[in-house]
Amino acid sequence: MNDIITEIQSKIKSKIFINYSMSKSTWFRTGGKASGYTIINNIKDLKIITSYRDRIKLYVVGVGSNLLVRDNGFDGIIIRLGKSFNKIKIRNNNLIVGTSVLDLNLAKFALKNSIKDFEFFRGIPGSVGGAIKMNAGCYGHQTADNLKKILVLDKNGEFKKIKIDDLHLGYRSSRINDECIILQAYFNFQFGAKEEILNKFNDIQIKRESSQPIKEKTSGSTFKNPINKFAAELIEKSGCKNLRVGGAVVSEIHSNFIINKYNATSEDIENLGKQIIKKVKKNFGISLEWEIKIIGNENK
């Protein structure tokens, strides 16, 4: 595998880090080593590295806010998109946003330019690419509300624009597969009163700080909300609040957050999640679905 990575490195400018510890690049601060990790800073490098997908496993990540990498690591290259994909501009009545723009920075840009209905991005950890792929949302809004279309690099190395109707965005889901890399998003937008936008922005910040363990090593909501239910309520009523496996615990502040409290391993976190799923299923007959993404080699 190192021979393939060396070959790729000889053809791109972006640096590939060998045997990279993913604990440095996930919000859980856990995870084993990836064979390679790179921040791709231009489209040419991205096209070259993705042309190797038949010879080596590739996985595109954002800032690691919604990601659990198993302790045995990832046999392949983890790709993060860098500066060329981190731009926001207004053009022809479209708000064009690069995939690696932080959700928080999108909300700040909208506030600065008096653009309304983007305040909820203040409450979403991560970057715009991930928000689109999982149709992230909070406080009654979701990414699909304003999205018009996206620009992607498909599995054949071709650029393609896909309209929102073809993305099949549902609750924390889409039809975008891992072989399709989101490059840009095109949003509809409207201007509004800056004072009202600022009030909503600040209100979301206050709500998030008071109801979520944002200062802990966590990864956002652990499980999706079942239809007409709240995962946190089901978890708490199943007796899981403060439940612990190794160094991983269920948050006292919000039961749908697992925290790396005491130098947890990824296995601790995953096993705690499995216990929660089992308890909720036993008590309510409901199977919780992971909202965080789990990748890497399973423990033997």
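Residues numbered from 1 in each chain as written. Predicted model: local features only at pLDDT ≥ 70, side-chain atom pairs only at ≥ 80, totals over all residues. Heavy atoms only, no water.

A. Broad picture of helix 7 (residues 266-284). Taking 1.5 Å per residue, 19 residues should reach 27 Å; helix 7 reaches 27 Å between its end C-alpha atoms and fits that length. Those residues of helix 7 lying buried are S266, D268, I269, E270, L272, G273, I276, I277 and V280. Residues of helix 7 that are buried make contact with strand 4 (67-69), helix 6 (231-237), strand 13 (244-245), strand 14 (248-250), strand 15 (258-260) and strand 16 (293-295). Once helix 7 finishes, G285 follows within two positions and takes phi at roughly 70 degrees, a positive value. (Helix = DSSP H or I, 4+ residues; strand = E, 2+ residues; numbered from the N terminus. Expected span 1.5 Å × (residues − 1). Buried < 20%, exposed > 50% of the residue type's maximum accessible area, 1.4 Å probe, protein only. Contact = heavy atoms within 4.5 Å.)

B. Fine view of unusual backbone geometry. For N93, which is not glycine, the phi dihedral falls at a positive 65 degrees. Turning to its location among the elements, N93 is positioned in the loop between strand 6 (88-91) and strand 7 (94-98). The phi dihedral of H168 is positive, around 50 degrees, even though this residue is not glycine. Position of H168 among the secondary structure elements: in the loop between strand 11 (159-163) and strand 12 (181-187).

C. View of the environment of E252. Summarising the element assignment, E252 is placed in the loop between strand 14 and strand 15. For E252, a relative accessible area of 60% gives the class exposed. Once the C-alpha coordinates of E252 and Q212 are considered, the two residues, 40 residues apart in sequence, prove to be 9.4 Å apart. Those residues in contact with E252, other than ones at most four positions away along the chain, are K241 and N242.

D. Representation of the sheet that holds strand 13 in the model. Pairing is antiparallel in the open sheet, where three strands are placed in the order 13-14-15. Only two strands of the sheet have a single neighbouring strand rather than two, namely strand 13 and strand 15. Sheet topology note: the strand 14/strand 15 ladder contains three bridges and is antiparallel. Looking at strand 15, one finds that A248 is bridged to N260. Against the sheet, helix 7 makes contact with strand 13, strand 14 and strand 15, and its axis sits at roughly 35 degrees relative to strand 14, the strand it touches most. (Pairing = 2+ DSSP bridges. Axes fitted to C-alpha atoms, helices over the stretch in contact; angles between N-to-C directions.)

E. Up close: the nonpolar core. One finds L106, F118, F121, I150 and F187 to be the most contacted residues of the largest nonpolar core, which totals 34 residues. For this core, the secondary-structure elements that each account for two or more residues are strand 7, helix 3 (103-112), helix 4 (128-133), strand 10 (147-153), strand 12 and helix 5 (194-211). Considering each element in turn, this core owes the most residues, four residues, to helix 3. Apart from residues lying up to four places away in sequence, I150 is in contact with I132, K160, K161, I162, L167, I176, I182, Q184, A185 and Y186. (Core = buried A, V, L, I, M, F, W, Y, C linked by side-chain atoms within 4.5 Å.)

F. Looking closely at the sheet that holds strand 3 (residues 57-61). Strand order in the open sheet made by the four strands is 1-2-5-3, with mixed pairing throughout. The sheet terminates laterally at strand 1 (16-21) and strand 3, the two strands that pair on one side only. On average, adjacent strands in this sheet sit at an angle of 35 degrees to one another, irrespective of strand direction. Where strand 1 lies against strand 2 (residues 33-40), five bridges are found, and the strand directions are antiparallel. Each bridged residue has a counterpart across the sheet, and for I16 the counterpart in strand 2 is T38.

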